[in-house]
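So you can see what is in the structure, the chains are spelled out below.
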Amino acid sequence: PALAPRRVVTSPLVPASATAAVVAEALPGPPPLAVEWRLVERHYGAFTDKLRDVVRRDYGEAAYWRYRRSYLHRPPPLADDDPARALVDDTLLRLPDAARATLRPDAESLADVVERLRPFWAATRMRLVHGEAVLVVGHGNSLRALSVLVDDLTPEEVQDLDVPTGHPLVHRFTAGPDAALVPEVRGGTYLDAQGAEHAVTDLRARGGT
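Since we're looking at a predicted model, the values are computed, not measured. (Residues numbered from 1 in each chain as written. Predicted model: local features only at pLDDT ≥ 70, side-chain atom pairs only at ≥ 80, totals over all residues. Heavy atoms only, no water.)

Novice: Please explain the overall build of the chain as it appears in this structure.
Specialist: Each helix and strand counted, the chain has nine helices and seven strands in total. Expected size for 209 residues packed as a compact globule is a radius of gyration near 17 Å; at 17 Å, the chain falls within 12% of this value. Reported as C-alpha extents along the three principal axes, the dimensions of the chain are approximately 50 × 35 × 35 Å. Residues counted as buried form 41% of the 209 residues belonging to the chain. Across the chain, contacts joining residues at least 24 apart in sequence account for 72% of those joining residues at least 6 apart. (Helix = DSSP H or I, 4+ residues; strand = E, 2+ residues; numbered from the N terminus. Rg over C-alpha atoms; globule rule 2.2 N^0.38 Å. Buried < 20%, exposed > 50% of the residue type's maximum accessible area, 1.4 Å probe, protein only. Contact = heavy atoms within 4.5 Å.)

Given below as C-alpha cells:
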C-alpha cells in the first residue's frame, strides 16, 4: 500500500511506544521501529499529572490557557516535594544521557519542544526527500510542536491546533527546488476526517490538547 511506512519512529514513553509496536507488527515487513527521545511529551512542570479541572481551579482560567495553549509561556516549575516529581525523575532516568542533558528540568513551553524536535525534523525531512514514508508516533504536544516545523505554523496558528488521539494524520509532499519539500495540503489530511473532527470537538470541550 502507498501509505505503508518503511520506518516507524516513536517516543520512548509507553503510551506511544506500545501503540507504535502494535502498528509496526501489523505492517508489511515489518518496518524498522526506532525510538526517538525528542518525541517525549512536553514537561508541564507544576501541572504534571494533574487534571485540567484541577489546574483551572488552582491557577485560574486565564493562567490555564496561557500556560497550556500559548507558544512561549512555561508552566510554573515542578517543586521538589511535588508527588509528580518521582514520576518525572523516573522518566528522565529511562532516557539516554543526551536527553537528560538537553531537556529542561523544570518545565517546557511549546517553543522549547519545537527546538528539541528541530534536529529530528531535519533528519526526517531528508528521509522524505528520498521518498521514504515515515510514521511518527508521539504525544499531543510533541506532535503539535512537530506540526510547527512540518507546516511552518505561526505561534497563533499552533495555539488553535488540537491533536486528537488515535487519528492518523497524513502529510504528502512534492519536491521543490533545491530538494525542498512542498506540502500538498498544509496541515495534512486525516485518514478518518469525520472521526477526527468529532474527536477534536470533544477534545476542545475538555480543554484542548
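Alright, that's what it looks like, and here's the rest.
Novice: I'm lost on the pairing of strand 1 (residues 7-10) in this one. Help?
Specialist: Both faces of the sheet carry side chains from a regular strand, because those side chains alternate between them. In this sheet, strand 3 (residues 134-137) lies alongside strand 1 in parallel orientation, the contact comprising four bridges. The residue bridging Arg7 from the neighbouring strand is Val134, located in strand 3. As paired strands, strand 1 and strand 2 (residues 33-35) are joined by three bridges and run parallel to one another. Bridging from a neighbouring strand, Thr10 pairs with Val35 of strand 2. Viewed along the sheet, the connection from strand 1 through helix 1 (residues 14-26) into strand 2 turns out right-handed. (Pairing = 2+ DSSP bridges. Right-handed = clockwise from strand over helix to strand, strands pointing away.)

Novice: Even after reading the chapter, I still don't get the packing of helix 6 (residues 110-129) against helix 7 (residues 140-151), so can you show me in this structure?
Specialist: In a packed pair of helices, the relevant descriptors are the angle between the two axes and the axis-to-axis distance. Between helix 6 and helix 7, the least distance of the axes is 8 Å, while the angle of their chain directions is 65°. Every pair of crossing elements has a handedness; the one defined by helix 6 and helix 7 is right-handed. Of helix 7, the residues touching helix 6 (which contributes Leu110, Val113, Val114, Leu117, Arg118, Phe120 and Trp121) are Asn141, Ser142, Arg144, Ala145, Leu146, Val148, Leu149 and Val150. Broken down by class, the residue content of the contact of helix 6 with helix 7 amounts to 11 nonpolar, two polar and two charged. (Axes fitted to C-alpha atoms, helices over the stretch in contact; angles between N-to-C directions. Left-handed = near helix turned anticlockwise from the far one by under 90°. Nonpolar A, V, L, I, M, F, W, Y, C, P; charged D, E, K, R; others polar.)

Novice: Would you mind showing me how to read helix 3 (residues 61-69) here?
Specialist: For an α-helix, the turn length of 3.6 residues means that residues three or four places apart are oriented alike. The complete set of buried residues in helix 3 reads Ala63, Tyr64, Tyr67, Arg68 and Arg69. Buried residues along helix 3 sit against helix 2 (52-59), helix 7 and helix 8 (155-159).

Novice: Explain the nonpolar core to me, please; I cannot follow it from the model alone.
Specialist: In summary, soluble globular proteins display a tendency toward joint burial of nonpolar side chains. Counting 17 residues, the largest nonpolar core has Tyr71 and Leu117 as its most contacted members. Elements supplying a minimum of two residues to this core: helix 6 and helix 7. In terms of residue count, helix 6 provides more of this core than any other element does, seven residues in total. When near neighbours in sequence (up to four residues on either side) are disregarded, Tyr71 contacts Ser109, Leu110, Ala111, Val114, Val148, Pro155 and Val158. If you look at the next biggest cluster of nonpolar residues, it comprises seven residues, including Phe47, Val55, Ala63 and Tyr64. (Core = buried A, V, L, I, M, F, W, Y, C linked by side-chain atoms within 4.5 Å.)

Novice: I keep staring at the packing of helix 2 against helix 3 and nothing clicks. Help me out?
Specialist: Packing of helix 2 against helix 3 brings their axes to within 7 Å, and their N-to-C directions diverge by 120°. Comparing their axes, helix 3 and helix 2 come out oblique. The interaxial crossing formed by helix 2 with helix 3 has right-handed handedness. Residues Arg52, Val55, Arg56 and Tyr59 of helix 2 touch helix 3, and the partners they reach there are Glu61, Ala63, Tyr64, Trp65 and Arg68. (Parallel < 35°, antiparallel > 145°, perpendicular 65-115°, else oblique.)

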